[in-house]
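# Observations on the three-dimensional arrangement
Take a look at the letters that make up each chain.
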Amino acid sequence: MANTNIKKEKLHPMENLLRMDRIPHIWCPGCGIGNAVSAFAEALDKLELNLDQLCVVSGIGCTGRVAGYIKVDSFHTTHGRAIPYATGIKLGNPKMKVVVISGDGDLVSIGGNHFVHAARRNIDLTVICVNNFIYAMTGGQVAPTTPTPAYTTTSPFGNFETPSNVPQLAEASGAVYVARWTALHMRRLTYSIIDAMQKPGFSVVEVISPCAMYYSRINRLGDGLDMMKFYYDNSVIKHGEPTDNLEIDYQKEIIVGKFVDRERPTFSDALQNWLKGKGG
Amino acid sequence: MKNSNISVQSGTHTLTGCQACAEGALSAGCSFLGYYPIHPSFDIVERYAERFSDVDGVLIQMEDEVSALAAVLGASWTGKRAMTVTTGTGFAQMAEHIGLGIMLETPCVIVDVQRDGPSEGIPCNPGASDIMQARWGSHGDYEIIALSPNSPQDMYDLTIKAFSLSEKYRTPVVIVTDTDICNKKEKINIPDSKDIKVSTRKYYKGKKENYLPFQYDTKDLIPPMVDVMDGYRFHVTGLTHDERGYPVMNDECQELNVHRIVQKIRLFVDDIIDIEEEKTDDAEVVIVSYGTTSNDALNAVKQVRKEGIKAGNLRLKTVWPFPEKKILELAKKIDNFIVPEINYGQIYLEVERCARGEAKTHFLHHDSKKVGTAEDIIKLLKKVTK
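The rules we used
Going along each chain's sequence as written, the residues are numbered from 1 onward. All chains are assigned letters beginning at A, and all ligands numbers beginning at 1, according to the order in which they are written. Given that the model is predicted, a residue must reach a pLDDT of at least 70 before its local features are reported, and side-chain atom pairs must reach 80 or more before they are shown or counted; all residues, however, enter totals for whole chains, interfaces and linings. The numbering of helices and of strands both runs from the N terminus, where a helix is a DSSP run of H or I of at least 4 residues and a strand a run of E of at least 2. Expected span, for any helix, means 1.5 Å times one less than how many residues it has. Partly exposed residues are those whose C-beta has more than 12 but fewer than 20 other C-beta atoms within 10 Å; with 20 or more the residue is buried, with 12 or fewer it is exposed, and the C-beta atoms are placed from the backbone. Residue pairs qualify as contacts under a 7 Å threshold applied to their C-beta atoms, which are placed from the backbone. Fitting a line to C-alpha atoms yields each axis, with helices limited to the stretch in contact; the angle taken between N-to-C directions then spans 0 to 180 degrees. Orientation labels follow simple angle bins: below 35 degrees gives roughly parallel, above 145 gives roughly antiparallel, 65 to 115 gives roughly perpendicular, and whatever is left gives oblique. Two helices that cross are described as forming a left-handed crossing if the nearer one is turned anticlockwise from the farther one by less than a right angle, and a right-handed crossing if clockwise. Put simply, Ala, Val, Leu, Ile, Met, Phe, Trp, Tyr, Cys and Pro go in the nonpolar bin, Asp, Glu, Lys and Arg in the charged bin, and everything else, Gly too, in the polar bin. Known as pLDDT, the predictor's per-residue confidence is scaled from 0 to 100. Any set of buried Ala, Val, Leu, Ile, Met, Phe, Trp, Tyr and Cys residues joined through C-beta atoms within 7 Å is what this text calls a nonpolar core. By the convention used here, strands pair only if DSSP detects at least 2 bridges between them. Reported domain spans reflect what an automatic or database domain assignment gives.

## Focus on helix 10 (residues 293-306) of chain B
Given 3.6 residues per turn, any residue in an α-helix points the same way as the ones three and four places further on. All names here are of chain B. Between its first and last C-alpha, helix 10 extends 21 Å over 14 residues, near the 20 Å set by a 1.5 Å rise per residue. Taken residue by residue, helix 10 has Thr293, Ser294, Asp296, Ala297, Leu298, Ala300, Val301 and Val304 as its buried positions. Where helix 10 is buried, its residues contact strand 10 (275-278), strand 11 (285-289), strand 12 (311-316), strand 14 (336-341) and helix 13 (375-385). Remark: Gly308 follows helix 10 within two positions and exhibits a positive phi of approximately 85°.

See below:
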């Protein structure tokens with residue numbers, strides 16, 4: 001006899017958080033962005049947030065597409081400008097929890113100045129920066145995060161520029177919470193995202209992710225899973241490590257952990273206190 | 001009205017054009033101003049800064065003009081009426097987000113206090129050199145609405161109108177003005193708040209699961225909006241998108257998406273376009289003017305009329321969309337158009353195009369040292385009617 005009470009099987013364990021009508025997604029097999037999205041979804045699940053009060057903003061690039069797959073109010077904006085767009089949303093409606101998810105090229109290169117100043121102002125945003133060391137969607141060009149002397153399509157003789165150290169940039173600019181994990185540190189990454197989202201102010205979580213399409217192929221590093229495993233196996237957890245030690249050398253040790261967790265008044269708190277102080 | 005506190009200082013005040021602009025914005029319910037400091041637009045911010053805490057508003061100095069307009073667009077999706085102010089070089093930086101504002105159909109107001117250009121130009125000189133930048137500054141096909149005030153009172157009125165149009169048509173609206181108007185001080189009348197009419201964006205009221213951020217088949221081609229946190233969990237993207245706001249990159253979707261955005265303005269040009277005609281009924285020569293230059297044009301008409309020259313003035317309060325029909329209609333009746341501009345010929349090109357050879361079009365470079373005088377216009381009026 002047919003059981004009419006069988007619960008409709010879920011297409012995905014996180015289907016209430018994802019836009020299932022947009023699956024399959026565009027990311028390549030072996031890419032780490034999916035891990036970051038899973039960790040984020042897991043974090044949302046654990047946080048038990050009212051998802052109506054959550055907003056995801058992305059810039060442009062592979063990670064820039066994340067906003068399109070999360071089933072909350074979500075904005076896919078312009079290249080590098082997710083942070084100022086998110087700033088407008090957060091200040092326009094302070095009840096919103098606003099998360100920026102974007103790539104290293106988007107956040108640190110074209111959007112570098114916005115990153116610096118949103119951190120300085122301590123706008124209450126969480127930034128998840130998926131760092132794959134390369135511009136992937138545009139075809140494997142050298143990025144501000146490309147380690148020396150990695151090959152890219154635009155550094156055929158190896159990259160000679162000093163790469164950005166994302167946690168150091170975040171700390172120096174004023175971020176109140178800074179952590180870094182690789183794409184395989186799923187549990188730790190999830191808990192860092194939870195911490196970051198609960199922390200009032202500008203929080204940054206960097207996710208070291210393989211680019212299986214360009215970075216691995218050009219540098220002959222195997223497939224995405226090989227790289228993911230390499231990053232994981234070669235990572236060393238050092239909580240509280242001074243951020244100037246966090247440079248990432250080519251295929252060497254990667255220091256991960258929580259590096260910054262401090263208190264500073266957010267932009268909105270500072271403004272309110274200022275207005276009160278002035279009798280405003 | 002949603003999330004906006006109207007703060008109207010009714011009565012007569014002596015204000016500069018900049019101050020009038022800030023008061024116009026406050027009267028229209030503007031509660032978010034994101035900007036980057038640049039001369040000569042800054043007096044607008046100063047006035048707003050004195051008042052924003054009274055209206056529960058947000059004022060933020062961003063790190064550049066790119067981010068200033070990005071923040072304004074973000075704020076607009078929270079239901080706030082939002083504005084930014086800038087000038088030529090800053091306006092150039094905003095071009096990218098004018099495109100995003102158009103594509104995401106986000107209401108907002110951008111005030112461009114034009115200076116001489118290109119590049120840094122002469123920051124303190126009045127200019128009209130951004131007229132084409134206002135029209136075509138961002139890439140891609142789009143229509144823009146741009147208004148051009150000619151006095152502080154007009155600045156107040158048109159700022160309110162700009163918010164109204166941006167809300168109604170769900171699009172960014174530009175106010176193209178200049179230092180002459182912005183620094184001029186005169187008595188302006190601020191009406192009672194009940195007499196100020198500002199359109200409100202069309203909000204979606206149907207079932208949540210049926211909401212389409214870019215619905216195609218509305219009568220007015222303007223899809224209803226929702227705010228963040230309303231529970232619709234919508235997605236929007238600057239990529240070519242379907243009704244759901246999802247990226248779909250094919251020619252068919254480009255047509256449905258972008259053609260509608262263009263048509264939602266083109267079909268309603270008669271509602272949007274605002275012009276003022278002075279003695280055009282029997283005119284043989286018509287000056288087409290806008291902004292501060294329109295005051296000099298009106299003086300010129302007044303003076304040559306005394307000498308029996310049948311001159312008239314067509315003042316464009318709305319620079320974009322351009323009154324194509326009106327120009328052609330006049331061209332069939334008159335012999336000559338004169339287009340004085342504080343640039344080397346921008347609206348002139350439009351007048352000449354729209355006249356379709358029915359009347360001659362003469363350009364007059366009415367540069368900043370001539371602003372406030374009508375002599376060069378009078379001289380040309382006499383020359384073409386000889």
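## Looking at the packing of helix 10 of chain B against helix 13 of chain B
All names here are of chain B. Two elements in contact, helix 10 and helix 13, have axes separated by 9 Å at closest approach and are oriented at 50°. Relative to helix 13, helix 10 is oriented oblique. In terms of crossing hand, the pair formed by helix 10 and helix 13 is right-handed. Of helix 13, the residues touching helix 10 (which contributes Asp296, Ala297, Ala300, Gln303 and Val304) are Ile377, Ile378, Leu381 and Lys382. When grouped by side-chain class, the residues that make up the contact of helix 10 with helix 13 number 6 nonpolar, 1 polar and 2 charged.

## With respect to the confidence of the model for chain B
Residue and element names in this part refer to chain B. Residues at a pLDDT of 70 or more form 98% of chain B, whose mean pLDDT is 95. When the criterion is pLDDT under 50, residues 1-5 qualifies, and its contacts beyond four places in sequence or with other chains add up to 12 contacts. Across the whole predicted complex the pTM is 0.96, and at the interface the ipTM reaches 0.96.

## A few points about the nonpolar core
Val57(A) and Ile128(A) are the most contacted members of the largest nonpolar core, which has 207 residues in total. Beyond its immediate sequence surroundings of up to four residues, Val57(A) is in contact with Ala67(A), Phe75(A), Thr77(A), Ala82(A), Tyr85(A), Ala86(A), Ile89(A), Val98(A) and Val100(A).

## Here's the deal with the interface of chain A and chain B
Across the contact, 33 residues belong to chain A and 34 residues belong to chain B. Taken together, the elements giving at least two residues each to the side of chain A that touches chain B come down to strand 2 (73-76), helix 2 (82-92) and helix 4 (112-121) of chain A. Strand direction decides the pairing type here: strand 2 of chain A and strand 9 (residues 235-237) of chain B, joined by 3 bridges, are parallel. Bridging across to strand 9 of chain B, His76(A) finds its partner in Thr237(B).

## Brief notes about the sheet that holds strand 11 of chain B
Residue and element names in this part refer to chain B. Strand order in the open sheet made by the 5 strands is 10-12-11-14-15, with mixed pairing throughout. The outermost strands of the open sheet, each flanked by one partner alone, are strand 10 and strand 15 (360-365). Across the sheet, the mean angle separating the axes of adjacent strands is 20° when strand polarity is ignored. Relative to the sheet, helix 12 (residues 347-355) contacts strand 11, strand 14 and strand 15, its axis offset from that of strand 14 by approximately 165°.

## Some words on the pairing of strand 7 (residues 177-182) of chain A
All names here are of chain A. Counting buried residues in strand 7 gives 6 out of 6 residues, a clear majority hidden from the surface. Neither face of strand 7 is left uncovered, since the one carrying Tyr177, Ala179 and Trp181 and the one carrying Val178, Arg180 and Thr182 both have all their residues buried. Where strand 7 meets strand 8 (residues 203-208), 6 bridges bridge the pair, whose relative direction is parallel. By the bridge assignment, Arg180 is partnered in strand 8 with Glu206.

## Topic: the pairing of strand 4 (residues 81-86) of chain B
Residue and element names in this part refer to chain B. Of all 6 residues making up strand 4, 6 are buried, and the element is well covered by its neighbours. Burial along strand 4 is two-sided: the face carrying Arg81, Met83 and Val85 and the face carrying Ala82, Thr84 and Thr86 are both buried. Of the strand pairs in this sheet, strand 2 (residues 30-35) and strand 4 are connected by 3 bridges, and their pairing is parallel. Across the sheet, residue Phe32 finds its bridge partner in strand 4, namely Ala82.

## Some words on the environment of Ser268(A)
All names here are of chain A. In this fold, Ser268 is placed in helix 9 (residues 267-277). Remark: the alpha-carbon pair of Ser268 and Arg121, spanning 147 residues in sequence, is separated by 9.2 Å. When sequence neighbours within four positions are dropped, the list of residues in contact with Ser268 reads Pro94 and Asp124.

## What to know about the domain arrangement of chain B
A common way to express how large an interface is: the accessible area buried when the components associate. Residue and element names in this part refer to chain B. For chain B, the assigned domains read domain 1 (11-194) and domain 2 (277-385). The C-alpha centroid of domain 2 is placed 26 Å from the C-alpha centroid of domain 1. Tallying the contact residues gives 23 residues for domain 1 and 19 residues for domain 2. Looking at the side of domain 1 that touches domain 2, the element that brings in the most residues is helix 5 (residues 131-136), giving 4 residues. Split into classes, the residues belonging to the side of domain 1 that touches domain 2 amount to 12 nonpolar, 6 polar and 5 charged.

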